[in-house]
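# Examination of the molecular architecture
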Amino acid sequence: MASHPPPEPSSNSNKGWSEHEEIHVSSGGVQAYTDDDADCESRRPLLLGTAAPAECYSASAAALPFFFPALGGLLYGYDIGATSGATISLKSSTFSGTTWYNLSSVQTGLVVSGSLYGALIGSVLAYTIADYLGRRKELILASISYLIGALLTAVAPNFAIMVVGRFLYGIGIGLAMHAAPMYIAETAPSQIRGMLISLKEFFIVLGMLLGYIAGNAYVEVVSGWRYMYATSTPLCLVMGVGMCWLPSSPRWLLLCAIQGKGNLPETKEIATRCLCRLRGQTSPDLVSDQVNLILEELSYIDQEKQVGFREIFQGKCLKAMIIGCGLVFFQQVTGQPSVLYYAATIFQSAGFSGASDATRVSILLGLLKLIMTGVAVLVVDRLGRRPLLIGGVSGITVSLFLLSSYYTLLKDASYVAVIALLLYVGCYQLSFGPIGWLMISEVFPLRLRGRGLSVAVLVNFASNALVTFAFSPLEDLIGTGMLFCGFGVIAVASLVFIFWIVPETKGLTLEEIEASL
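Residues numbered from 1 in each chain as written. Predicted model: local features only at pLDDT ≥ 70, side-chain atom pairs only at ≥ 80, totals over all residues. Heavy atoms only, no water.

How we decide: UniProt positions are given in the numbering used here, feature names are shortened, and annotations may be inferred rather than shown by experiment.
As named in an unreviewed UniProt entry, the protein chain is D-xylose-proton symporter-like 2 isoform X2, taken from Panicum miliaceum. Taken from UniProt, the Sequence similarities (unreviewed entry) comment for the protein chain reads in full: "Belongs to the major facilitator superfamily. Sugar transporter (TC 2.A.1.1) family." According to UniProt, the comment filed for the protein chain under the heading Subcellular location (unreviewed entry) is "Membrane".

Printed below as a string of C-alpha coordinates:
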(Lines give C-alpha, C1' and ligand atoms only; values in the text may rest on other atoms or scores of the structure.)
Protein backbone atom coordinates (compact mmCIF):
# COMPACT_ATOMS: atom_id res chain seq x y z
CA MET A 1 0.00 0.00 0.00
CA ALA A 2 1.43 3.36 -0.94
CA SER A 3 1.19 6.60 0.97
CA HIS A 4 2.77 9.99 0.65
CA PRO A 5 5.33 10.31 3.49
CA PRO A 6 5.37 13.30 5.82
CA PRO A 7 8.12 15.88 5.28
CA GLU A 8 10.18 14.61 8.24
CA PRO A 9 9.77 10.94 9.17
CA SER A 10 8.79 10.58 12.78
CA SER A 11 9.59 7.84 15.23
CA ASN A 12 5.90 7.81 16.07
CA SER A 13 4.97 6.54 12.65
CA ASN A 14 8.05 4.64 11.53
CA LYS A 15 6.24 1.36 11.40
CA GLY A 16 3.82 2.60 8.77
CA TRP A 17 1.15 0.09 7.84
CA SER A 18 1.77 -3.60 8.30
CA GLU A 19 1.40 -5.80 5.28
CA HIS A 20 -1.62 -7.44 6.81
CA GLU A 21 -3.48 -4.28 7.61
CA GLU A 22 -5.02 -2.21 4.86
CA ILE A 23 -7.70 0.34 5.39
CA HIS A 24 -11.10 0.33 3.77
CA VAL A 25 -11.75 3.38 1.63
CA SER A 26 -14.32 4.39 -0.91
CA SER A 27 -13.54 3.85 -4.57
CA GLY A 28 -11.15 6.33 -6.08
CA GLY A 29 -9.25 6.78 -2.83
CA VAL A 30 -9.62 9.52 -0.25
CA GLN A 31 -8.00 12.91 -0.44
CA ALA A 32 -7.01 14.95 2.60
CA TYR A 33 -6.30 18.66 2.49
CA THR A 34 -3.86 20.75 4.49
CA ASP A 35 -3.76 24.55 4.39
CA ASP A 36 -0.26 25.91 3.59
CA ASP A 37 -1.41 29.52 3.61
CA ALA A 38 -4.50 31.62 3.01
CA ASP A 39 -4.35 31.28 -0.77
CA CYS A 40 -3.04 27.79 -1.36
CA GLU A 41 -3.95 24.21 -0.60
CA SER A 42 -1.77 21.18 -1.05
CA ARG A 43 -3.20 17.71 -1.42
CA ARG A 44 -1.99 14.31 -0.49
CA PRO A 45 -3.64 10.91 -0.81
CA LEU A 46 -4.37 9.61 2.69
CA LEU A 47 -4.84 6.02 1.65
CA LEU A 48 -4.78 4.12 -1.59
CA GLY A 49 -5.91 0.60 -2.20
CA THR A 50 -8.82 -1.64 -1.48
CA ALA A 51 -10.65 -2.86 1.57
CA ALA A 52 -8.67 -4.56 4.29
CA PRO A 53 -9.24 -7.01 7.09
CA ALA A 54 -11.49 -5.50 9.72
CA GLU A 55 -10.24 -4.56 13.17
CA CYS A 56 -10.00 -7.50 15.54
CA TYR A 57 -12.03 -7.08 18.70
CA SER A 58 -13.89 -8.98 21.37
CA ALA A 59 -17.64 -8.35 21.52
CA SER A 60 -17.62 -8.60 25.31
CA ALA A 61 -14.77 -6.06 25.54
CA ALA A 62 -16.62 -3.65 23.22
CA ALA A 63 -19.85 -3.88 25.25
CA LEU A 64 -18.88 -2.03 28.44
CA PRO A 65 -17.22 1.01 26.72
CA PHE A 66 -20.60 1.42 25.04
CA PHE A 67 -22.87 0.57 27.99
CA PHE A 68 -21.68 3.03 30.63
CA PRO A 69 -21.64 6.11 28.32
CA ALA A 70 -25.02 5.03 26.90
CA LEU A 71 -26.48 5.23 30.42
CA GLY A 72 -26.11 9.00 30.00
CA GLY A 73 -28.59 8.78 27.12
CA LEU A 74 -30.90 6.49 29.09
CA LEU A 75 -31.02 9.02 31.96
CA TYR A 76 -31.87 11.77 29.45
CA GLY A 77 -34.74 9.72 28.04
CA TYR A 78 -35.92 8.75 31.54
CA ASP A 79 -36.24 12.43 32.46
CA ILE A 80 -38.48 13.07 29.44
CA GLY A 81 -40.77 10.16 30.29
CA ALA A 82 -40.85 10.66 34.06
CA THR A 83 -41.52 14.40 33.85
CA SER A 84 -44.75 13.84 31.91
CA GLY A 85 -46.11 11.88 34.90
CA ALA A 86 -44.38 14.01 37.55
CA THR A 87 -46.14 17.22 36.48
CA ILE A 88 -49.53 15.50 36.88
CA SER A 89 -48.55 14.24 40.35
CA LEU A 90 -46.97 17.52 41.44
CA LYS A 91 -50.04 19.62 40.56
CA SER A 92 -52.55 17.25 42.18
CA SER A 93 -54.05 18.47 45.46
CA THR A 94 -54.54 14.82 46.44
CA PHE A 95 -51.24 13.23 45.46
CA SER A 96 -48.74 16.10 45.46
CA GLY A 97 -47.85 15.77 49.14
CA THR A 98 -46.85 19.47 49.19
CA THR A 99 -48.41 22.77 50.18
CA TRP A 100 -47.15 24.41 46.98
CA TYR A 101 -48.93 22.17 44.46
CA ASN A 102 -50.98 25.03 42.98
CA LEU A 103 -48.36 25.89 40.34
CA SER A 104 -48.86 28.60 37.73
CA SER A 105 -48.32 27.89 34.06
CA VAL A 106 -44.91 29.57 34.23
CA GLN A 107 -43.88 27.43 37.22
CA THR A 108 -45.08 24.28 35.47
CA GLY A 109 -43.09 25.33 32.40
CA LEU A 110 -39.96 25.70 34.54
CA VAL A 111 -40.42 22.18 35.93
CA VAL A 112 -40.93 20.69 32.48
CA SER A 113 -38.26 22.68 30.64
CA GLY A 114 -35.79 23.20 33.50
CA SER A 115 -33.67 20.28 32.35
CA LEU A 116 -33.73 21.65 28.78
CA TYR A 117 -32.34 24.99 29.99
CA GLY A 118 -29.75 23.08 32.01
CA ALA A 119 -28.81 21.07 28.91
CA LEU A 120 -28.19 24.32 27.04
CA ILE A 121 -25.87 25.43 29.85
CA GLY A 122 -24.19 22.02 29.82
CA SER A 123 -23.58 22.32 26.07
CA VAL A 124 -21.91 25.70 26.56
CA LEU A 125 -19.78 24.30 29.41
CA ALA A 126 -18.76 21.38 27.20
CA TYR A 127 -17.30 23.80 24.67
CA THR A 128 -14.82 25.16 27.23
CA ILE A 129 -13.99 22.11 29.37
CA ALA A 130 -14.42 19.05 27.13
CA ASP A 131 -11.01 19.06 25.46
CA TYR A 132 -9.30 19.78 28.78
CA LEU A 133 -11.08 17.04 30.74
CA GLY A 134 -11.36 14.43 28.00
CA ARG A 135 -14.37 12.31 27.11
CA ARG A 136 -14.15 9.96 30.11
CA LYS A 137 -13.87 12.65 32.81
CA GLU A 138 -16.63 14.67 31.16
CA LEU A 139 -18.93 11.65 31.46
CA ILE A 140 -17.94 11.22 35.12
CA LEU A 141 -18.81 14.89 35.70
CA ALA A 142 -22.12 14.33 33.88
CA SER A 143 -22.98 11.40 36.19
CA ILE A 144 -22.27 13.57 39.27
CA SER A 145 -24.48 16.34 37.90
CA TYR A 146 -27.21 13.79 37.15
CA LEU A 147 -27.00 12.37 40.68
CA ILE A 148 -27.07 15.71 42.53
CA GLY A 149 -29.85 17.01 40.28
CA ALA A 150 -32.02 13.90 40.74
CA LEU A 151 -31.56 13.91 44.54
CA LEU A 152 -32.29 17.64 44.87
CA THR A 153 -35.42 17.29 42.73
CA ALA A 154 -36.64 14.24 44.65
CA VAL A 155 -36.24 15.75 48.16
CA ALA A 156 -37.04 19.38 47.22
CA PRO A 157 -38.74 21.10 50.19
CA ASN A 158 -39.92 23.96 47.98
CA PHE A 159 -40.34 24.97 44.36
CA ALA A 160 -37.05 26.92 44.13
CA ILE A 161 -34.93 23.91 45.19
CA MET A 162 -36.81 21.74 42.71
CA VAL A 163 -35.97 24.10 39.84
CA VAL A 164 -32.30 24.13 40.88
CA GLY A 165 -32.36 20.33 40.83
CA ARG A 166 -33.93 20.32 37.36
CA PHE A 167 -31.22 22.69 36.08
CA LEU A 168 -28.40 20.56 37.54
CA TYR A 169 -29.89 17.42 36.03
CA GLY A 170 -30.09 19.23 32.70
CA ILE A 171 -26.40 20.19 32.88
CA GLY A 172 -25.72 16.46 33.19
CA ILE A 173 -27.81 15.90 30.05
CA GLY A 174 -25.83 18.50 28.09
CA LEU A 175 -22.47 17.05 29.14
CA ALA A 176 -23.53 13.42 28.61
CA MET A 177 -25.09 13.99 25.19
CA HIS A 178 -21.88 15.73 24.15
CA ALA A 179 -19.33 13.27 25.52
CA ALA A 180 -21.12 9.91 25.12
CA PRO A 181 -21.23 9.81 21.29
CA MET A 182 -17.61 11.02 21.13
CA TYR A 183 -16.35 8.39 23.56
CA ILE A 184 -18.27 5.61 21.82
CA ALA A 185 -17.15 6.76 18.35
CA GLU A 186 -13.49 7.04 19.36
CA THR A 187 -13.33 3.69 21.15
CA ALA A 188 -15.61 1.45 19.03
CA PRO A 189 -14.30 -0.78 16.21
CA SER A 190 -15.12 0.89 12.89
CA GLN A 191 -17.25 -2.01 11.61
CA ILE A 192 -19.74 -1.72 14.51
CA ARG A 193 -19.36 2.00 15.30
CA GLY A 194 -22.64 2.93 13.59
CA MET A 195 -24.55 0.20 15.42
CA LEU A 196 -23.19 1.20 18.82
CA ILE A 197 -23.82 4.95 18.46
CA SER A 198 -27.31 4.24 17.10
CA LEU A 199 -27.84 1.90 20.04
CA LYS A 200 -27.29 4.93 22.28
CA GLU A 201 -30.48 6.37 20.77
CA PHE A 202 -32.11 3.03 21.62
CA PHE A 203 -31.07 3.67 25.23
CA ILE A 204 -32.61 7.17 25.11
CA VAL A 205 -35.91 5.69 23.95
CA LEU A 206 -35.64 2.87 26.50
CA GLY A 207 -35.18 5.55 29.16
CA MET A 208 -38.32 7.34 27.94
CA LEU A 209 -40.25 4.08 28.15
CA LEU A 210 -38.99 3.42 31.69
CA GLY A 211 -39.95 6.99 32.62
CA TYR A 212 -43.48 6.48 31.28
CA ILE A 213 -43.74 3.22 33.23
CA ALA A 214 -42.51 4.91 36.44
CA GLY A 215 -45.01 7.72 35.89
CA ASN A 216 -47.82 5.23 35.46
CA ALA A 217 -46.72 3.35 38.61
CA TYR A 218 -46.43 6.35 40.93
CA VAL A 219 -48.96 8.83 39.50
CA GLU A 220 -51.59 7.89 42.11
CA VAL A 221 -49.15 7.62 45.05
CA VAL A 222 -48.80 10.51 47.51
CA SER A 223 -45.59 12.40 46.62
CA GLY A 224 -45.27 10.04 43.67
CA TRP A 225 -43.27 12.62 41.71
CA ARG A 226 -40.47 12.28 44.29
CA TYR A 227 -40.25 8.54 43.64
CA MET A 228 -40.27 9.12 39.88
CA TYR A 229 -37.16 11.31 40.05
CA ALA A 230 -35.42 9.31 42.81
CA THR A 231 -35.68 6.13 40.73
CA SER A 232 -32.93 7.42 38.42
CA THR A 233 -30.29 7.78 41.17
CA PRO A 234 -28.99 4.16 41.10
CA LEU A 235 -28.37 4.50 37.36
CA CYS A 236 -26.42 7.72 37.97
CA LEU A 237 -24.16 5.84 40.40
CA VAL A 238 -23.68 2.91 38.00
CA MET A 239 -22.75 5.31 35.20
CA GLY A 240 -20.23 7.20 37.35
CA VAL A 241 -18.54 4.09 38.75
CA GLY A 242 -18.44 2.47 35.31
CA MET A 243 -16.81 5.50 33.69
CA CYS A 244 -14.19 5.59 36.49
CA TRP A 245 -13.31 2.00 35.58
CA LEU A 246 -13.16 2.47 31.79
CA PRO A 247 -9.96 3.67 30.06
CA SER A 248 -9.60 7.07 28.42
CA SER A 249 -10.10 7.47 24.68
CA PRO A 250 -6.79 6.52 23.00
CA ARG A 251 -7.38 9.10 20.26
CA TRP A 252 -7.83 11.89 22.82
CA LEU A 253 -4.68 10.80 24.70
CA LEU A 254 -2.61 10.87 21.49
CA LEU A 255 -4.03 14.25 20.48
CA CYS A 256 -3.02 15.70 23.87
CA ALA A 257 0.51 14.34 23.46
CA ILE A 258 0.82 15.75 19.92
CA GLN A 259 -0.27 19.14 21.30
CA GLY A 260 2.52 19.03 23.89
CA LYS A 261 0.36 18.16 26.92
CA GLY A 262 2.28 15.00 27.75
CA ASN A 263 5.30 12.87 26.97
CA LEU A 264 4.67 11.29 23.56
CA PRO A 265 6.42 7.90 23.99
CA GLU A 266 4.83 7.43 27.41
CA THR A 267 1.41 8.51 26.15
CA LYS A 268 1.71 6.18 23.16
CA GLU A 269 2.32 3.28 25.56
CA ILE A 270 -0.69 4.27 27.68
CA ALA A 271 -2.88 4.65 24.57
CA THR A 272 -1.79 1.20 23.38
CA ARG A 273 -2.76 -0.35 26.73
CA CYS A 274 -6.12 1.46 26.64
CA LEU A 275 -6.79 0.18 23.12
CA CYS A 276 -5.87 -3.35 24.22
CA ARG A 277 -8.54 -3.15 26.93
CA LEU A 278 -11.09 -1.73 24.52
CA ARG A 279 -10.46 -4.48 21.95
CA GLY A 280 -10.11 -7.31 24.50
CA GLN A 281 -6.57 -8.16 23.36
CA THR A 282 -3.72 -8.97 25.72
CA SER A 283 -0.79 -8.26 23.36
CA PRO A 284 0.09 -4.61 22.64
CA ASP A 285 1.62 -5.71 19.31
CA LEU A 286 -1.86 -6.53 18.01
CA VAL A 287 -3.03 -2.91 18.30
CA SER A 288 0.25 -1.00 17.90
CA ASP A 289 -0.29 -0.61 14.14
CA GLN A 290 -3.61 1.11 14.74
CA VAL A 291 -2.00 3.48 17.24
CA ASN A 292 0.69 4.24 14.63
CA LEU A 293 -2.00 4.99 12.05
CA ILE A 294 -3.68 7.50 14.38
CA LEU A 295 -0.33 9.16 15.12
CA GLU A 296 0.59 9.25 11.44
CA GLU A 297 -2.65 10.97 10.55
CA LEU A 298 -2.15 13.47 13.37
CA SER A 299 1.34 14.25 12.08
CA TYR A 300 -0.05 14.94 8.58
CA ILE A 301 -2.71 17.42 9.54
CA ASP A 302 -0.87 19.74 11.88
CA GLN A 303 -2.82 18.75 14.97
CA GLU A 304 -0.28 20.30 17.33
CA LYS A 305 -1.87 23.74 16.99
CA GLN A 306 -4.29 24.80 19.72
CA VAL A 307 -7.87 25.21 18.57
CA GLY A 308 -9.15 28.75 18.11
CA PHE A 309 -12.82 29.75 18.00
CA ARG A 310 -12.65 30.91 14.37
CA GLU A 311 -11.05 27.64 13.30
CA ILE A 312 -14.18 25.59 13.97
CA PHE A 313 -15.89 27.61 11.23
CA GLN A 314 -13.12 27.16 8.65
CA GLY A 315 -11.94 24.47 6.24
CA LYS A 316 -13.08 20.91 6.74
CA CYS A 317 -14.50 21.70 10.18
CA LEU A 318 -16.87 24.17 8.52
CA LYS A 319 -18.09 21.38 6.25
CA ALA A 320 -18.47 19.09 9.26
CA MET A 321 -20.30 21.88 11.11
CA ILE A 322 -22.74 22.32 8.22
CA ILE A 323 -23.41 18.56 8.11
CA GLY A 324 -23.70 18.06 11.87
CA CYS A 325 -25.59 21.22 12.82
CA GLY A 326 -27.84 20.89 9.76
CA LEU A 327 -28.87 17.37 10.75
CA VAL A 328 -29.65 18.17 14.40
CA PHE A 329 -31.42 21.40 13.38
CA PHE A 330 -33.71 19.59 10.92
CA GLN A 331 -34.11 16.81 13.50
CA GLN A 332 -36.01 19.28 15.70
CA VAL A 333 -37.62 21.79 13.31
CA THR A 334 -39.42 19.05 11.39
CA GLY A 335 -41.81 19.07 14.35
CA GLN A 336 -40.60 16.24 16.57
CA PRO A 337 -41.52 17.92 19.90
CA SER A 338 -44.83 19.17 18.51
CA VAL A 339 -46.02 15.89 16.98
CA LEU A 340 -45.43 14.07 20.27
CA TYR A 341 -47.20 16.92 22.10
CA TYR A 342 -50.29 16.20 20.01
CA ALA A 343 -50.16 12.42 20.53
CA ALA A 344 -52.63 12.41 23.44
CA THR A 345 -55.11 14.64 21.56
CA ILE A 346 -54.94 12.45 18.45
CA PHE A 347 -55.58 9.25 20.38
CA GLN A 348 -58.41 10.89 22.33
CA SER A 349 -60.07 11.75 19.02
CA ALA A 350 -59.75 8.07 18.09
CA GLY A 351 -61.66 7.01 21.20
CA PHE A 352 -58.94 6.71 23.86
CA SER A 353 -60.37 9.42 26.07
CA GLY A 354 -59.66 8.29 29.64
CA ALA A 355 -56.65 9.43 31.64
CA SER A 356 -55.53 5.84 32.13
CA ASP A 357 -55.88 5.32 28.38
CA ALA A 358 -53.62 8.30 27.71
CA THR A 359 -50.97 6.90 30.07
CA ARG A 360 -51.07 3.52 28.35
CA VAL A 361 -50.88 5.18 24.94
CA SER A 362 -47.65 6.90 26.02
CA ILE A 363 -46.21 3.48 26.91
CA LEU A 364 -47.32 2.02 23.57
CA LEU A 365 -45.73 4.91 21.68
CA GLY A 366 -42.55 4.32 23.69
CA LEU A 367 -42.60 0.65 22.65
CA LEU A 368 -43.03 1.61 18.98
CA LYS A 369 -40.10 4.04 19.22
CA LEU A 370 -38.01 1.32 20.88
CA ILE A 371 -38.81 -1.28 18.18
CA MET A 372 -38.08 1.06 15.27
CA THR A 373 -34.85 2.27 16.86
CA GLY A 374 -33.86 -1.38 17.24
CA VAL A 375 -34.44 -1.89 13.52
CA ALA A 376 -32.20 1.12 12.74
CA VAL A 377 -29.49 -0.26 15.04
CA LEU A 378 -29.50 -3.60 13.25
CA VAL A 379 -29.27 -2.23 9.70
CA VAL A 380 -27.28 1.03 9.98
CA ASP A 381 -23.88 -0.60 9.37
CA ARG A 382 -25.25 -2.71 6.52
CA LEU A 383 -27.46 -0.25 4.65
CA GLY A 384 -25.54 2.89 5.55
CA ARG A 385 -26.51 6.29 6.95
CA ARG A 386 -27.84 7.98 3.80
CA PRO A 387 -30.42 5.31 2.80
CA LEU A 388 -31.92 5.35 6.30
CA LEU A 389 -32.00 9.15 6.37
CA ILE A 390 -33.55 9.51 2.91
CA GLY A 391 -36.13 6.75 3.46
CA GLY A 392 -37.04 7.82 7.00
CA VAL A 393 -37.31 11.54 6.28
CA SER A 394 -39.47 10.76 3.22
CA GLY A 395 -41.85 8.96 5.57
CA ILE A 396 -41.75 11.90 8.00
CA THR A 397 -42.68 14.25 5.15
CA VAL A 398 -45.69 12.12 4.14
CA SER A 399 -46.86 11.84 7.76
CA LEU A 400 -46.68 15.61 8.32
CA PHE A 401 -48.79 16.35 5.24
CA LEU A 402 -51.26 13.67 6.38
CA LEU A 403 -51.53 15.38 9.79
CA SER A 404 -52.04 18.71 8.04
CA SER A 405 -54.85 17.25 5.89
CA TYR A 406 -56.50 15.76 9.00
CA TYR A 407 -56.68 19.14 10.76
CA THR A 408 -57.83 21.01 7.64
CA LEU A 409 -59.86 18.63 5.44
CA LEU A 410 -60.42 15.24 7.12
CA LYS A 411 -61.50 16.12 10.65
CA ASP A 412 -63.88 13.16 10.88
CA ALA A 413 -61.27 10.62 9.76
CA SER A 414 -59.39 10.17 13.03
CA TYR A 415 -57.74 7.03 11.69
CA VAL A 416 -55.75 9.25 9.28
CA ALA A 417 -54.24 11.11 12.23
CA VAL A 418 -53.44 7.88 14.09
CA ILE A 419 -51.75 6.38 11.00
CA ALA A 420 -49.82 9.63 10.41
CA LEU A 421 -48.69 9.76 14.04
CA LEU A 422 -47.47 6.16 14.04
CA LEU A 423 -45.76 6.68 10.66
CA TYR A 424 -44.02 9.80 11.95
CA VAL A 425 -42.76 8.13 15.14
CA GLY A 426 -41.56 5.04 13.27
CA CYS A 427 -39.77 6.94 10.50
CA TYR A 428 -38.20 9.41 12.93
CA GLN A 429 -36.68 6.54 14.90
CA LEU A 430 -35.33 5.01 11.69
CA SER A 431 -33.67 8.23 10.58
CA PHE A 432 -33.22 11.50 12.44
CA GLY A 433 -33.39 9.92 15.90
CA PRO A 434 -30.31 7.64 15.78
CA ILE A 435 -28.55 8.87 12.62
CA GLY A 436 -28.37 12.52 13.71
CA TRP A 437 -26.37 11.65 16.84
CA LEU A 438 -24.29 9.13 14.90
CA MET A 439 -23.24 11.58 12.19
CA ILE A 440 -22.25 14.43 14.52
CA SER A 441 -19.96 12.02 16.38
CA GLU A 442 -18.25 10.94 13.14
CA VAL A 443 -17.75 13.99 10.92
CA PHE A 444 -15.75 16.41 13.09
CA PRO A 445 -11.91 16.31 12.83
CA LEU A 446 -10.25 14.91 15.95
CA ARG A 447 -8.56 18.15 17.02
CA LEU A 448 -11.84 20.06 16.72
CA ARG A 449 -14.23 17.24 17.67
CA GLY A 450 -14.86 18.33 21.26
CA ARG A 451 -15.72 21.93 20.43
CA GLY A 452 -17.46 21.19 17.15
CA LEU A 453 -19.71 18.60 18.70
CA SER A 454 -20.54 20.93 21.60
CA VAL A 455 -21.82 23.48 19.07
CA ALA A 456 -23.91 20.78 17.38
CA VAL A 457 -25.39 19.66 20.72
CA LEU A 458 -26.15 23.30 21.57
CA VAL A 459 -27.94 23.69 18.22
CA ASN A 460 -29.93 20.53 18.99
CA PHE A 461 -31.22 21.72 22.36
CA ALA A 462 -31.71 25.30 21.18
CA SER A 463 -33.77 24.10 18.20
CA ASN A 464 -35.81 21.90 20.53
CA ALA A 465 -36.48 24.90 22.77
CA LEU A 466 -37.36 27.07 19.76
CA VAL A 467 -39.92 24.59 18.43
CA THR A 468 -41.35 23.89 21.88
CA PHE A 469 -41.86 27.53 22.82
CA ALA A 470 -42.93 28.80 19.37
CA PHE A 471 -45.48 26.05 18.80
CA SER A 472 -48.45 27.53 20.72
CA PRO A 473 -48.13 31.10 19.36
CA LEU A 474 -47.77 29.79 15.79
CA GLU A 475 -50.73 27.46 16.26
CA ASP A 476 -52.89 30.39 17.39
CA LEU A 477 -51.65 32.51 14.48
CA ILE A 478 -51.99 30.15 11.50
CA GLY A 479 -53.87 27.09 12.80
CA THR A 480 -52.78 23.52 13.53
CA GLY A 481 -53.23 22.26 9.97
CA MET A 482 -51.10 24.98 8.39
CA LEU A 483 -48.48 24.56 11.09
CA PHE A 484 -48.06 20.86 10.29
CA CYS A 485 -48.00 21.76 6.59
CA GLY A 486 -45.13 24.14 7.38
CA PHE A 487 -43.30 21.33 9.15
CA GLY A 488 -43.85 19.21 6.04
CA VAL A 489 -42.26 21.88 3.81
CA ILE A 490 -39.27 22.00 6.18
CA ALA A 491 -39.05 18.20 5.94
CA VAL A 492 -38.82 18.50 2.14
CA ALA A 493 -35.99 21.02 2.58
CA SER A 494 -34.24 18.57 4.94
CA LEU A 495 -34.47 15.86 2.25
CA VAL A 496 -32.72 18.18 -0.22
CA PHE A 497 -30.06 18.92 2.40
CA ILE A 498 -29.46 15.21 3.06
CA PHE A 499 -29.32 14.32 -0.63
CA TRP A 500 -26.79 17.01 -1.59
CA ILE A 501 -24.76 17.62 1.58
CA VAL A 502 -24.66 14.57 3.88
CA PRO A 503 -21.95 11.99 2.99
CA GLU A 504 -21.95 8.24 3.56
CA THR A 505 -19.58 7.22 6.38
CA LYS A 506 -20.37 3.50 6.60
CA GLY A 507 -17.30 1.32 7.10
CA LEU A 508 -14.75 4.17 7.26
CA THR A 509 -12.47 4.81 10.21
CA LEU A 510 -12.70 8.23 11.85
CA GLU A 511 -9.36 9.15 10.25
CA GLU A 512 -10.68 8.25 6.78
CA ILE A 513 -13.84 10.29 7.35
CA GLU A 514 -11.69 13.23 8.42
CA ALA A 515 -9.54 12.92 5.30
CA SER A 516 -12.55 12.63 2.98
CA LEU A 517 -13.86 16.00 4.17
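### Side note on the overall build of the protein chain
Where we set the bar: By the criteria applied, helices consist of DSSP H or I runs no shorter than four residues and strands consist of E runs no shorter than two, each listed in order from the N terminus. Burial classes: relative accessible area under 20% of the type maximum marks a residue as buried, over 50% as exposed, and values in between as partly exposed (1.4 Å probe, protein chains only). The criterion used for residue contact is that any of the two residues' heavy atoms lie within 4.5 Å.
Looking only at helices and strands, the protein chain features 20 helices and two strands. Buried residues in the protein chain amount to 58% of all 517 residues. Long-range contacts, defined as pairs at least 24 residues apart, comprise 83% of the intrachain contacts of the protein chain with a sequence gap of at least 6.

### Observations concerning the nonpolar core
Our working rule: Residue types Ala, Val, Leu, Ile, Met, Phe, Trp, Tyr and Cys, when buried and joined through side-chain atoms within 4.5 Å, form a set referred to as a nonpolar core.
By size, the foremost hydrophobic cluster in this structure holds 111 residues, and its most contacted members are Tyr 146, Leu 327, Phe 432, Phe 444 and Phe 461. A per-element tally of this core places helix 4 (residues 159-187) first, with twelve residues. The contacts of Phe 461, once residues within four sequence positions are left out, are Tyr 76, Leu 116, Ala 119, Leu 120, Ser 123, Ile 173, Gly 174 and Met 177. Of all hydrophobic cores here, the second largest spans 17 residues; its members include Tyr 78, Leu 103, Ala 154 and Val 219.

### Looking at the packing of helix 15 (residues 385-408) against helix 17 (residues 432-442)
Put simply, the test is: Only the stretch in contact is used when a helix axis is fitted, and all axes are lines through C-alpha atoms; the angle between N-to-C directions ranges over 0 to 180 degrees. Two helices crossing with the near one rotated counterclockwise from the far one by less than a right angle form a left-handed crossing, whereas a clockwise rotation gives a right-handed crossing. Each residue gets one label: Ala, Val, Leu, Ile, Met, Phe, Trp, Tyr, Cys and Pro are nonpolar, Asp, Glu, Lys and Arg are charged, and the others, such as Gly, are polar.
Close contact between helix 15 and helix 17 brings their axes to 10 Å; oriented N to C, the two are set at 140 degrees. Classified by chirality, the crossing of helix 17 by helix 15 is left-handed. Where helix 15 abuts helix 17, its residues Arg 385, Leu 388, Leu 389, Val 393 and Ile 396 lie against Phe 432, Ile 435, Leu 438, Met 439 and Glu 442. Broken down by class, the residue content of the contact of helix 15 with helix 17 amounts to eight nonpolar, no polar and two charged.

### What to know about empty space enclosed by the protein
The cut-off we apply is this: Lining residues are those with an atom within 4 Å of a point, where the points come from a 1 Å grid over the protein atoms alone and group into cavities, where a 1.4 Å probe fits but cannot get out, or pockets, open sets with protein on both sides within 12 Å along at least five of seven lines. Grid points are joined across faces, edges and corners, and a volume is the space filled by probe spheres set on the points.
What the rule picks out here adds up to two cavities of 30 Å³ or more. Around the largest cavity sit Ala 61, Ala 62, Pro 65, Phe 66, Ile 184, Thr 187, Ala 188, Pro 189, Leu 196, Leu 278 and Arg 279, which together line it. Those elements that provide at least two residues to the lining of the largest cavity are helix 1 (59-90), helix 4 and helix 9 (264-279). When residues of the lining of the largest cavity are assigned to their parent elements, the largest contribution, four residues, is made by helix 1. Its residues assigned to classes, the lining of the largest cavity comprises nine nonpolar, one polar and one charged.

### Structural notes on the pattern of salt bridges
To keep things clear, this is the line we draw: Every case where a carboxyl oxygen of Asp or Glu lies within 4 Å of a side-chain nitrogen of Lys or Arg is listed as a salt bridge.
The tally for this structure, following the rule as stated, stands at seven salt bridges. In this structure, Glu 186 and Arg 449 form a salt bridge, with 2.8 Å as the shortest nitrogen-oxygen distance. Residue Glu 186 is located in helix 4, and its partner Arg 449 is located in helix 18 (residues 446-478); the two are separated by 263 residues in the primary sequence. In terms of burial, Glu 186 and Arg 449 fall into one category: buried. A cluster of three or more residues bridged by salt bridges with shared partners is formed by Arg 193, Asp 381, Arg 385 and Glu 442.

### Quick word on unusual backbone geometry
Here the phi dihedral of Ser 223 falls at roughly 60 degrees; this positive angle occurs in a residue that is not glycine. Structurally, Ser 223 can be placed in the loop between helix 5 (193-218) and helix 6 (224-230). With relative accessibility at 14%, the residue Ser 223 sits in the buried group.

### Looking at the environment of Arg 279
What counts is decided by this rule: Side-chain atoms alone can form a polar contact between residues adjacent in sequence; in general such a contact is a pair of N or O atoms within 3.5 Å, and within protein one must be able to donate a hydrogen while the other accepts it.
Position of Arg 279 relative to the elements: it lies in helix 9. A C-alpha to C-alpha distance of 10.0 Å links Arg 279 and Ala 63, two positions 216 residues apart in sequence. Looking at Arg 279, its side chain comes within polar contact range of the main-chain oxygen of Thr 187, at 2.6 Å.

### What about helix 19 (residues 480-501)?
An α-helical turn contains 3.6 residues, so a residue and the one three or four places further along point in the same direction. Defined as follows: One less than the residue count of a helix, multiplied by 1.5 Å, gives the span that helix is expected to have.
The end-to-end C-alpha distance of helix 19 is 31 Å, a good match for the 32 Å that 22 residues give at a rise of 1.5 Å each. Taken as a whole, helix 19 has its buried residues at Thr 480, Gly 481, Leu 483, Phe 484, Phe 487, Gly 488, Ala 491, Ser 494, Leu 495, Phe 497 and Ile 498.

### What about the side chain of Ser 463?
Mapped onto the secondary structure, Ser 463 falls in helix 18. We classify Ser 463 as buried; its relative accessible area is 4%. A distance of 2.7 Å separates a polar side-chain atom of Ser 463 from the backbone oxygen of Val 459. When near neighbours in sequence (up to four residues on either side) are disregarded, Ser 463 contacts Phe 329 and Gln 332.

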